[in-house]
Structure formats: C-alpha cells, structure tokens
Amino acid sequence: SIGASNVCSAFVLPPMIAEFRSRFQNVKIRLIEGNTKSLEEMLINGELDIVLDNFRYDEELFERKKYTVEHILLAVPKSLCVPASAAEYEISESQIKNKDYLKADFKTVPLEMFSEMPFILLAQNNDTRTRGERMCREAGFRPKIALEVHQQATAYMIAATQMGATFVSDTVVEKLPSFENLSYYKLSGADAERTVYFTMKKHKVKTRAVEEFLKLI
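Just so you know, the residues in each chain are numbered from 1, in the order the chain's sequence is written. Per-residue local features are limited, in this predicted model, to residues with pLDDT of at least 70; the limit for side-chain atom pairs, both in listing and counting, is 80 or more; totals at the level of whole chains, interfaces and linings are taken over all residues. For the side-chain quantities, the full set of heavy atoms in the structure was used; hydrogens and water were omitted.

Some points on helix α2 (residues 36-44)
Then step 1. Turning to α2, its buried residues number three or more, namely Leu39, Met42 and Leu43. For α2, the angular spread of the buried residues around the axis is 100°, confining them to a single face.
Then step 2. Note on definitions: a residue-residue contact is assigned when non-hydrogen atoms from the two residues lie within 4.5 Å. Under the DSSP-based scheme used, a helix requires at least four consecutive residues in state H or I and a strand at least two consecutive residues in state E, with every element numbered from the N terminus. Where α2 is buried, its residues contact β1 (2-4), β2 (31-33), β3 (50-53), β4 (62-77) and β10 (193-201).
Then step 3. Within two residues after α2, Gly46 carries a phi angle of roughly 80°, on the positive side. Relative accessible area decides the class of each residue, using a 1.4 Å probe on protein chains only: under 20% of the type maximum gives buried, over 50% gives exposed, and in between gives partly exposed. For this quantity, the arc is that covered by the directions from the helix axis to the C-beta atoms.

What follows is the structure, encoded as structure tokens:
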C-alpha cells in the first residue's frame with residue numbers, strides 16, 4: 001500500500017508501479033492519494049507501507065529515504081501586464097526540463113515585480129500555497145487571489161488560460177504539456193526548494209514486496 005500527494009500519484013509513481021508490476025506480477029498494489037495529514041494517519045495506523053511526500057514527518061516515528069529535490073517556479077501568463085524588466089529573468093521550458101536553470105548563472109526573479117498581479121493559489125495549508133505566500137511576504141506584498149483550487153496541476157492549467165500567475169513545481173512543468181502562453185521564472189530562498197521523501201513507519205517489519213519496491217526506487 002503506497003500513499004502519495006496528488007502530484008506524486010499522477011506524475012512520479014505510475015512508471016515505478018508499472019516497472020514493479022512487470023517484475024512481480026502477483027503482488028497487488030494499492031495506491032492512495034491524499035493530503036499530508038491523512039497520509040500520516042494512515043501510515044501510523046499501518047494502513048500504508050510507504051508514503052511519497054515532501055513533508056518531513058516526525059523522525060522519532062518514521063524513517064525516510066530521499067527521492068529527489070523539487071524546485072518551485074513562478075508561471076505567469078504572457079497576456080498579463082508583466083514588467084518589461086522581467087524579461088531578463090525568464091527561463092524556457094526546455095531549460096526547466098533539462099535542469100539548466102538550476103545553474104548559478106541563471107538569475108532569480110525579484111518577486112515584488114508581480115505584486116499587482118492576480119494569483120491562482122492552492123487551498124490553505126497546502127505546502128506549495130504556504131511556501132508561495134511566505135515568498136510573497138518576504139518580497140513585501142500579499143498575493144491578490146483570483147482563484148483557489150485543490151491541485152497543483154489544476155492551478156497550472158488555469159494559469160495557462162491567462163487568469164493569473166501561479167506557483168508550480170518543476171515536476172509538474174516537466175510532466176505536463178507545454179504552454180507557450182506562459183512565462184517561467186526561477187525563485188530564490190529556502191521556500192523555493194523542497195525535498196521529496198519515501199517515508200515508512202519505524203520498527204515496522206518490511207514485507208518482501210516493500211523491500212523489493214525500495215530496491216527498485
């Protein structure tokens with residue numbers, strides 16, 4: 001039984017599960033999508049063997065294995081009033097997908113340039129929402145919310161309709177179709193980067209299936 005956030009369930013786990021099933025065809029796999037709180041409760045209660053999430057669960061109760069580091073970007077509709085000075089900070093989709101934008105010579109955009117822009121944000125207590133709002137506060141403004149949604153991919157798709165800017169992980173940009181009507185910007189600070197872990201309950205005996213899945217990943 002594997003639990004994961006919506007983004008991880010949709011874009012990260014499917015190829016892993018497909019590969020695992022090709023090797024162990026008689027093992028039944030259950031995939032549960034949920035928010036961090038519900039996944040943590042299910043992990044504690046033994047309903048899940050593994051959780052894939054960017055939340056750092058209590059280290060006294062859980063053990064974890066690092067999967068990857070995600071970066072949060074700003075996606076802005078080109079039809080909105082983007083300051084001309086922002087052009088020098090724009091990064092292309094190809095630079096995101098091949099990770100070139102992570103090089104030190106790629107500039108991070110001053111977020112205050114977008115203080116008057118409408119934003120598509122995720123629901124309260126979502127990690128991407130929390131990080132995005134903190135970055136805005138550090139830049140000296142509160143985002144003007146045009147719409148709130150529950151999934152990061154949904155916010156990204158709505159931004160592509162030119163309704164507003166949104167904070168989006170590079171995972172989503174890499175996995176979803178490209179949008180030529182969006183401009184992308186690299187963000188600075190600790191909130192622009194987060195680690196994704198495979199987390200398990202400590203002292204719980206791992207089945208052979210779980211051990212083989214961990215070997216695969």
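A few points about the environment of Gly132
Then step 1. Looking at the secondary structure, you find Gly132 in helix α4 (residues 127-138).
Then step 2. A relative accessible area of 1% means that Gly132 is categorised as buried.
Then step 3. Sequence separation of Gly132 and Leu102 is 30 residues, and the distance between their C-alpha atoms is 19 Å.

Observations concerning unusual backbone geometry
Then step 1. Of note, Asn125 is a non-glycine position whose phi angle comes to about 75°, a positive value.
Then step 2. By the element assignment, Asn125 lies in the loop between β6 (118-122) and α4.
Then step 3. Overall, the relative accessible area of 73% leaves Asn125 in the exposed class.
Then step 4. Phi is positive for His203, which is not a glycine, with a value near 65°.
Then step 5. Relative to the assigned elements, His203 resides in the loop between β10 and α7 (208-216).
Then step 6. On the basis of relative accessible area, His203 is assigned to the exposed category, the value being 79%.

Details of the side chain of Glu93
Then step 1. Relative to the assigned elements, Glu93 resides in helix α3 (residues 93-97).
Then step 2. Excluding anything up to four places from it in sequence, Glu93 contacts Val173, Leu176 and Ser178.

Regarding the environment of Glu59
Then step 1. Locating Glu59 in the fold gives a position in the loop between β3 and β4.
Then step 2. For the pair Glu59 and Arg142, spaced 83 residues apart in sequence, the C-alpha separation works out to 33 Å.
Then step 3. Non-local contacts of Glu59, meaning those with residues more than four positions away in its chain, are made with Arg64 and Lys202.
Then step 4. Any N or O atom pair separated by 3.5 Å or less is treated as a polar contact, with the protein-specific requirement of one donor-capable and one acceptor-capable atom, and with residues adjacent in sequence counted only for side-chain atom pairs. For Glu59, the side chain forms a polar contact with the side chain of Arg64, separated by 3.1 Å.

So, the packing of helix α1 (residues 6-23) against α7
Helix packing for two helices is described by the angle between their axes and how far apart those axes are.
Then step 1. Running from N to C, α1 and α7 cross one another at 125°; their axes reach a closest spacing of 11 Å. Considering their axes alone, α1 and α7 lie oblique with respect to each other. Between α1 and α7 the crossing geometry is right-handed. Judged by residue contacts, Leu13, Met16, Glu19, Phe20 and Arg23 of α1 engage Ala209, Glu212, Phe213 and Leu216 from α7. Working convention: axes come from line fits to C-alpha atoms, limited for helices to the stretch in contact. Angles between N-to-C directions cover 0 to 180 degrees. Angles are sorted into four bins: roughly parallel if under 35 degrees, roughly antiparallel if over 145, roughly perpendicular if 65 to 115, and oblique for all others. Note: crossing handedness is left-handed where the near helix turns anticlockwise from the far helix by less than a right angle, and right-handed where it turns clockwise.

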